[in-house]
Structures are given as C-alpha cells and as structure tokens.
Amino acid sequence: MNYEILLGFILATAALSISPGPDNIYVLTQSIANGKKYGLATVAGLMTGCLIHTSLLAFGVSTIIKNNNTVFLIIKLFGVGYLLYLSYMVYTAGNKIHIDNQSVSKTGLWNLFRKGFIMNVLNPKVTIFFLAFFPGFLFSDAMSTVLQFYVLGFLFIGVSFLIFGTIAILAGSISNYIVKTPKAGLFLKWLQIVVFISIAIYLLLSDK
C-alpha cells in the first residue's frame, strides 16, 4: 500500500474542497440564509450523493480496467484532458465570488438534505470528475480495485465533509471575509487552477 499516494489524494481533495465551486457556494448561502444546521444538512446530502458516484465508479470502471492496460491508459489520458479543460474554464471565469443568499428560501432540514443528494447524484459533471480523478490514485497492487475505489471515495467524502462542514459553521465569517477581501476570489481561482494542472501532470507521469 502506497501511503504517499493516499496523502497526495487527501491534499488534492482538500484543495479542491476549499476552492469555490457550485457545491460549497450553495452550502455557504444556505447556511447564511437558514442557519448552520441547515448548511450541515445540505453537506450531508451532497456527501451521501458521492457514495452513489463512488459505487458506480467502483463496480463499473473496475470491471473495465481490470487487467487491461490499454483501457486504463485511455481513461488516464481522458482524466488529464478533462482536468486541463477544467483549469481552462476556471481561468476564463471571473475572479469575483458571487454569494447570493437573498433569493434563498427558508426550508426544512430534510428538504435540504434531499436537495443536496439529488443535486449531487443527478450531476453528470460529478461522475465525470470522479472518473478523471480517482483512477490515477489507485494505491495498492494487492488490494482489489473495487475496495481501493471505496477507500478513495470515503476519504474524499470525509475530507470534503470536514471542509464543507467548516464552511457551514463559519458561513457568516467566511462571507464577510470574501466581501471585504477582493483578492480572495483571485487567490482561490489560481489555487484551483494549480491543483487541476498538478493532478493532470501527476496522472500523466504516474506508472499506474
């Protein structure tokens, strides 16, 4: 088992979770508008949805790439291309982080959990991202590929839940900081670009 690969995966996941995106911005706005526990309910829904994507990846891709180096290489190159595409999309986007909590309506905990879950499960971009991100971080020659994908999935969920949960709890402070610090958006934008490109380079150079 290669613990350095797992550590790299955890750090990459943490950097991506901190970078502004539709999910953590949604958590932030729900927390500001409805309260911390409502933001945490949203986080729980989003992370539960990640279990579905992990299962699809584990049982779908594992069967395809098992003992097939050519298919695995194609998937790896697809991942590199997709991550570079994401970095380009972030580069062409604006630097400002938009937080619109005025239009967020009051709703119940269960409704927010369900909405977060459905939002995640029905988002094809999450499936594509998992396909691009996870295969390059397989960390063991002895452990089954299915089990490795689940380990990566739970690590992804755990790290993301910790960071998204922190965003929910500190929503007010984070929102004030973003409003008062114009360069925050620029820094997080370039953090996201660097992470995407770094992962793409890692996938390209990895022996897996």
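A few points on the structure.

Scoring rules and cut-offs
Residues numbered from 1 in each chain as written. Predicted model: local features only at pLDDT ≥ 70, side-chain atom pairs only at ≥ 80, totals over all residues. Heavy atoms only, no water. Helix = DSSP H or I, 4+ residues; strand = E, 2+ residues; numbered from the N terminus. Expected span 1.5 Å × (residues − 1). Buried < 20%, exposed > 50% of the residue type's maximum accessible area, 1.4 Å probe, protein only. Core = buried A, V, L, I, M, F, W, Y, C linked by side-chain atoms within 4.5 Å. Contact = heavy atoms within 4.5 Å. Phe/Tyr/Trp six-rings, centres within 6.5 Å; stacked < 30°, edge-to-face > 60°. Axes fitted to C-alpha atoms, helices over the stretch in contact; angles between N-to-C directions. Parallel < 35°, antiparallel > 145°, perpendicular 65-115°, else oblique. Left-handed = near helix turned anticlockwise from the far one by under 90°. Nonpolar A, V, L, I, M, F, W, Y, C, P; charged D, E, K, R; others polar. Polar contact = N/O pair within 3.5 Å; in protein donor to acceptor, adjacent residues only side chain to side chain. Patch = residues over 30% accessible without salt bridge, like charges linked within 9 Å, V, L, I, M, F, W, Y side chains within 5 Å. Areas by Shrake-Rupley, 256 points an atom, 1.4 Å probe, with all protein chains shown as cover. Salt bridge = Lys/Arg side-chain N within 4 Å of Asp/Glu carboxyl O. 1 Å grid on protein atoms, 1.4 Å probe; cavity = no way out; pocket = protein on both sides within 12 Å on 5 of 7 lines; lining within 4 Å. Points joined across faces, edges and corners; volume = space filled by probe spheres on them.

1. What to know about helix α2 (residues 22–34)
Here comes step 1: Its 13 residues give α2 an end-to-end C-alpha distance of 18 Å, which sits within 8% of 18 Å, the value for a rise of 1.5 Å per residue.
Here comes step 2: Three or more residues of α2 are buried, namely Asn24, Ile25, Tyr26, Val27, Leu28, Thr29, Gln30, Ser31, Ala33 and Asn34.

2. What to know about the nonpolar core
Here comes step 1: In this structure, Phe129, Phe133, Phe134 and Ile199 are the most contacted members of the largest nonpolar core, which totals 50 residues.
Here comes step 2: Of all the secondary structure elements, the ones that give two or more residues to this core are α1 (3–18), α2, α3 (36–65), α4 (69–92), α6 (124–133), α7 (145–169), α8 (171–180) and α9 (183–205).
Here comes step 3: When residues of this core are assigned to their parent elements, the largest contribution, nine residues, is made by α7.
Here comes step 4: In this structure, Ile199 is in contact with Ala12, Leu16, Leu83, Phe133 and Phe137, ignoring residues within four places of it in sequence.

3. What about the packing of aromatic side chains?
Here comes step 1: What the rule picks out here adds up to 17 aromatic pairs.
Here comes step 2: Taking the centre distance of 5.9 Å and the plane angle of 75° together, the rings of Tyr91 and Trp190 count as edge-to-face. Taken together, the residues span a long stretch of sequence, with Tyr91 in helix α4 and Trp190 in helix α9 at a distance of 99 residues.
Here comes step 3: A centroid spacing of 4.9 Å and a plane angle of 25° characterise the contact between Phe137 and Tyr202, whose relative ring orientation is stacked. With Phe137 in the loop between α6 and α7 and Tyr202 in helix α9, this pair connects stretches of sequence that are 65 residues apart.
Here comes step 4: Under the relative-accessibility criterion, Tyr202 is labelled partly exposed at 28%.

4. Points about the packing of α2 against α3
Here comes step 1: One way to put it is that α2 packs onto α3 with a least axis distance of 6 Å and a crossing angle of 155°. One finds that α2 runs roughly antiparallel with respect to α3. Note that α2 runs across α3; the crossing there is right-handed. Judged by residue contacts, Asp23, Tyr26, Val27, Gln30, Ser31 and Asn34 of α2 engage Lys36, Tyr38, Gly39, Thr42, Val43 and Leu46 from α3.
Here comes step 2: Residue classes in the contact of α2 with α3 are distributed as five nonpolar, five polar and two charged.

5. Some details on the side chain of Asn24
Here comes step 1: Of note, Asn24 is situated in helix α2.
Here comes step 2: A polar side-chain atom of Asn24 sits 2.8 Å from the main-chain carbonyl oxygen of Ser17.
Here comes step 3: Setting aside its immediate chain neighbours within four residues, Asn24 contacts Ser17, Ile18, Ser19, Phe164 and Ile167.

6. Re a nonpolar patch on the surface
Here comes step 1: Taken together, the side chains of Leu73, Leu77, Leu84, Ile197, Ile201, Leu204 and Leu205 present a nonpolar region at the surface, about 640 Å² in accessible area.
Here comes step 2: If you list the elements that add at least two residues to the nonpolar patch, you get α4 and α9.
Here comes step 3: Top element by residues in the nonpolar patch is α9. It accounts for four residues.

7. Remarks on the layout of surface pockets
Here comes step 1: In this structure, the largest pocket encloses a volume near 1,100 Å³.
Here comes step 2: Top element by residues in the lining of the largest pocket is α4. It accounts for five residues.
Here comes step 3: Classifying every residue of the lining of the largest pocket gives 20 nonpolar, 13 polar and four charged.

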